[in-house]
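# Tertiary structure, described
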Amino acid sequence: PNTGGYLQWMLYPRYRILMDMEVPFLFRDEDLYIALHVFSDEEVLRKVLSRYHPSFLTVPNTAKEFPTLLKHFPEYVLVYVDDVEVLYVNQDHHPALAKRYQLHALDPFVFSEQPVDTILNSVEDRAPLMREARQLLELYPDGRAINHLAALIFKQDHAYDRMLPHADAIVRNFPESPVGYRLKAEAFAGLRQFDQAIATYLAAIERSAPSEQIRLYKEIGLAYLEQHQYARAYTALNRSIGIFSTKTTIEDLYHLGFSALMAGKPRQARQILTYLYEYKLSPHDTEWLEKVKRDLTRLDEHTSQ
């Protein structure tokens, strides 16, 4: 019902819709009750389908329980997903359309509530997801969620140049969102174009909540490290990495300590690297132990001069 107004104008006169909540005087209270319950109550759904036999169902992607309800109505198959709704077609009415566009790999309701990278990390074979993402982008190339998915698949494949068109599509169509800028910056960093990466990360920071800005400053710090701009690297990393945080990794702590050392901040460097060497590292972390010991030795030599 929330997208009813758009559908009413775009699909008329070929299709009729169940309800448009923007013009309630055209509909009865009974219509409103049905429209609000049809995606969450199996009996309401059953009676609506029996009465109207709709060719299409367009469902809010927040209706997480709907796929469970629809298992009892196998004639409806998933054919399209966007940032707001999920589209099913009655394959008895449109068998060719169902055969051509049915989606199998992508779960749009999980997709709408979980971070895209979390979903990808739980998938062993990304190829079916990529095939369906391309199919959806051929139909509508400007969607945020599907471009996000495609960009992250290319990132996992280290195909950073192929990330850029998808990041650009998000920036172009959702300029207020940090997502496109962050993806674009990650692509630039992967391509070792660090000046562009830093500038784009800063654009993402302008559009991000404070909790998300912390992670972006860390990426900026790592980009400065790659450029050997150690003072700037330390400033950015110091904003994003907490020495006393239990979530700070060995790698994060080392980057912070090393940037402090190279930026001419021996006191801060000694504190961080000592914590790392004495407490954080185990005897099995031989490579890290050698690195940190080397840097602590360098600090001792600098102090004795």
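Preceding this paragraph is the structure being described.
Note that the coordinates shown come from a computational prediction; the quantities given were computed from them, not determined experimentally.

Here is what the cut-offs are and how they apply
- Residues numbered from 1 in each chain as written.
- Predicted model: local features only at pLDDT ≥ 70, side-chain atom pairs only at ≥ 80, totals over all residues.
- Heavy atoms only, no water.
- Helix = DSSP H or I, 4+ residues; strand = E, 2+ residues; numbered from the N terminus.
- Buried < 20%, exposed > 50% of the residue type's maximum accessible area, 1.4 Å probe, protein only.
- Contact = heavy atoms within 4.5 Å.
- Pairing = 2+ DSSP bridges.
- Axes fitted to C-alpha atoms, helices over the stretch in contact; angles between N-to-C directions.

### A closer look at the overall build of the chain
When you go through the chain residue by residue, the secondary structure sums to 17 helices and three strands. The C-alpha extent of the chain, read off along each of the three principal axes, is 90 × 35 × 35 Å. A total of 305 residues make up the chain; the buried ones form 42% of that total. By sequence separation, contacts in the chain at least 24 residues apart represent 50% of the contacts at least 6 residues apart.

### Observations regarding the sheet that holds strand 1 (residues 56–60)
Adjacent strands of a sheet form backbone hydrogen bonds with each other and so pair up, either parallel or antiparallel. Read across the open sheet, the three strands follow the order 1-3-2; overall the sheet is antiparallel. Of all strands in the sheet, those bounded by a partner on one side alone are strand 1 and strand 2 (76–81). Strand after strand, the sheet turns through a mean of 30° between neighbouring axes, direction not considered. When strand 1 meets strand 3 (residues 85–90), the two strands line up antiparallel, connected through five bridges. Directly across from P60, in strand 3, lies its bridge partner E85.

### What about unusual backbone geometry?
In this model, Y12 is joined to P13 through a cis peptide bond whose omega is 10°. Its place among the elements puts P13 in the loop between helix 1 (4–11) and helix 2 (29–37). Positive phi, close to 50°, is recorded for H53, a residue that is not glycine. By secondary structure assignment, the location of H53 is in the loop between helix 3 (42–52) and strand 1. Positive phi, normally seen in glycine, also occurs at H228, with a value near 60°. As for its placement among the helices and strands, H228 is situated in the loop between helix 13 (210–226) and helix 14 (230–240). Among the residues examined, H228 registers a relative accessible area of 55% and is labelled exposed.

### Overview of the pairing of strand 2
Counting buried positions over the six residues of strand 2 gives six, a clear majority of the element. Where strand 2 and strand 3 come together, five bridges link them in antiparallel fashion. Paired with V77 across the strands is V89, a residue of strand 3. Where strand 2 folds back onto strand 3 in an antiparallel hairpin, the turn is made up of three residues.

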